[in-house]
Every structure is written in C-alpha cells, then in structure tokens.
Amino acid sequence: MPAFSTYAAGTAVSKESDRLFAQPLAQVPDFAFNEDVVRVFPDMIKRSVPGYPTIVENLGVLAAQFAQPNSVLYDLGSSLGAVTQALRRHVRTDGCRVIAVDNSAAMVERCREYLNGQDSMFQELLPVEVIEGDILALEFQPASVVALNFTLQFIAPDQRTALLSRIRQSLLPGGALILSEKLRFNDPEEHALLTDLHVAFKRANGYSELEIAQKRSAIENVMKPDSLEEHRERLLAAGFSKVVPWFQCLNFASLIALP
C-alpha cells in the first residue's frame, strides 16, 4: 500500500521515496518517465530540483497576470500535473481552460487521478483536459499562457526552435510563455561551481554518491540543457519580443517570454 502526502495545496499524492538508483546497476539504462519513475516522482523532483516548489506555485501566480478571457492555458510536459493544479488554483479569468499534455501514459494516468482529487477538494476550478500525446505534433489552439516546465530540455535540440515558433504563433496578444529549464553555463568555472553546488543540494537531500552518479549516467543522453544565452537567442529567433528571467536557484531557472 503506497504512502501518501499532501502536494499542490492538498491533493494527495504518493510520497514513496526515490530509491531507483540506490543499488549498483550492471548497466544504467537511459532515463524514462515510466511507471517506476511515476511512483517516486514527487520525491525525486523535490530532492533533485532546487526551487521546484517555488517555481510551480508562482507559475500559477504569473499565469494569472497573462491569462486572457476565453483562451487556453497549456501545460506542456505536464507529468503529474503540479503546474496544471497551480494554474487552476490561481487563474480566475472568465472562459479559460487548461490543456495538459504528456507523452508518458503512466504520467497521464496518475495526473488524471490527482486532478480528480483536486476537483473533490476545491470548487470553481478551471476545466481541464489531460491529453496523452507528443507536444511536437500538437495542434495549438489560441492560448494566453503556455507553460514548458522542465520539458524543452528533453526535446531534441534541432526541434526546439520549431516548437517555440508554433507556440509563439498560437499566443494571443498579452499572453506569455513561461519556460523553466536546467541551465548549463558557458564559463567553465561557473558551470563547475554550480554543478558542484547542485550535487551538494542532492547530497543534502539524502542521495548517496552512487545514486547521484547513476542518475547522472541515466539522464545525460536524454536531457540536453542549454545556456541562458542560448534560450534567449532561440526565443527571439522564434518570434518572441522579450525574454525576462524571473527566477534562478543554482543551475535551474525560469523565464517569461512575451509575444
């Protein structure tokens, strides 16, 4: 029987500890958002991503400033729906609805369960649709807010500009893209320092050296982070007019891109 805790303002989610890389593996497989990861994901992301709860909750606050009446709010790469829940809690603009998209069947199934739980605890929330699908193939509807929360880094680098261009074309005047990503740094000393501090963060959250090393091996071929400068240049090339960093904690950051 899984243990549960409150997450995202009251919705019960599994609090099973992340022990996926605690034992030595003869060969470390590439990281995938499968059922094993889904089961421990809330614990994994809390212990691995500095500032994650702050980003998620304030993403809802930011979205409320940009939401336009009768428009869609997208949560692309929605995983368990933490951002979707924040959007539904904070946005009160008339006629808005949320579309959450993820390509992991296991994530989508659990996300729907958590959103049903949120519905039972709160009244007058935005309607939401959860879609299992590839965001690269998504036909965007007119949107006022698009959230890409630690998602673009898992898209092939040569496909990122095209996706951002399509998002830009779908955005209504006054809307915004909110993009959160792990960063790499062009200055070798800066990159080394912040990488070491991130390892210290994970170590302080109870991960062993073996877990840290094996997780790094699992994810290095799957997740390809960019520098802040690369993000800014790509967003401007995709048609956005302004890029404003609003949060950074160690080597994780979140940006607002305006149409």
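Under an unreviewed UniProt entry, the name given to the protein is Carboxy-S-adenosyl-L-methionine synthase, and the source organism is Pseudomonas cucumis. Regarding the protein, the UniProt comment filed under Subunit (unreviewed entry) reads as follows: "Homodimer." The protein has a UniProt comment under Function (unreviewed entry) that states "Catalyzes the conversion of S-adenosyl-L-methionine (SAM) to carboxy-S-adenosyl-L-methionine (Cx-SAM)."

Here the focus is the UniProt feature "binding site: S-adenosyl-L-methionine" (unreviewed entry) in the protein. Per the UniProt annotation, the sites labelled "binding site: S-adenosyl-L-methionine" (unreviewed entry) are Tyr52, Gly77, Ser78, Ser79, Asp102, Asn103, Asp134, Ile135, Asn149 and Arg216. Look at the named residues: they lie 165 residues apart in sequence, and the longest C-alpha span between them is 25.3 Å, so in the fold they stay spread out. Locating glycine 77 in the fold gives a position in the loop between β3 (72–76) and α3 (82–90). Ignoring any residue separated from it by four or fewer positions in sequence, one finds glycine 77 in contact with Val101, Asp102, Ile135, Asn149 and Thr151. Inspection of the secondary structure puts serine 79 in the loop between β3 and α3. Judged by its relative accessible area of 12%, serine 79 is buried. The contact partners of serine 79, leaving out residues within four places of it in the chain, are Phe41, Asp102, Met107 and Cys111.

Two measures describe an aromatic ring pair: the distance that separates the ring centres and the angle between the ring planes. All chains considered together, the criterion is met by seven aromatic pairs. Ring centres of phenylalanine 31 and phenylalanine 33 lie 5.1 Å apart, and the angle between their planes is 90°; this geometry places the pair in the edge-to-face category. The structure contains a cluster of three or more aromatic residues connected by ring pairs, namely Phe31, Phe33, Phe41 and Phe154. The aromatic ring of tyrosine 207 is capped on one face by arginine 47, whose charged end is 3.8 Å from the ring centroid.

Rules behind the numbers
- Residues numbered from 1 in each chain as written.
- Predicted model: local features only at pLDDT ≥ 70, side-chain atom pairs only at ≥ 80, totals over all residues.
- Heavy atoms only, no water.
- UniProt positions renumbered as here; feature names shortened; annotations may be inferred.
- Helix = DSSP H or I, 4+ residues; strand = E, 2+ residues; numbered from the N terminus.
- Contact = heavy atoms within 4.5 Å.
- Buried < 20%, exposed > 50% of the residue type's maximum accessible area, 1.4 Å probe, protein only.
- Phe/Tyr/Trp six-rings, centres within 6.5 Å; stacked < 30°, edge-to-face > 60°.
- Lys NZ or Arg CZ within 6 Å of the ring centre and 35° of its normal.

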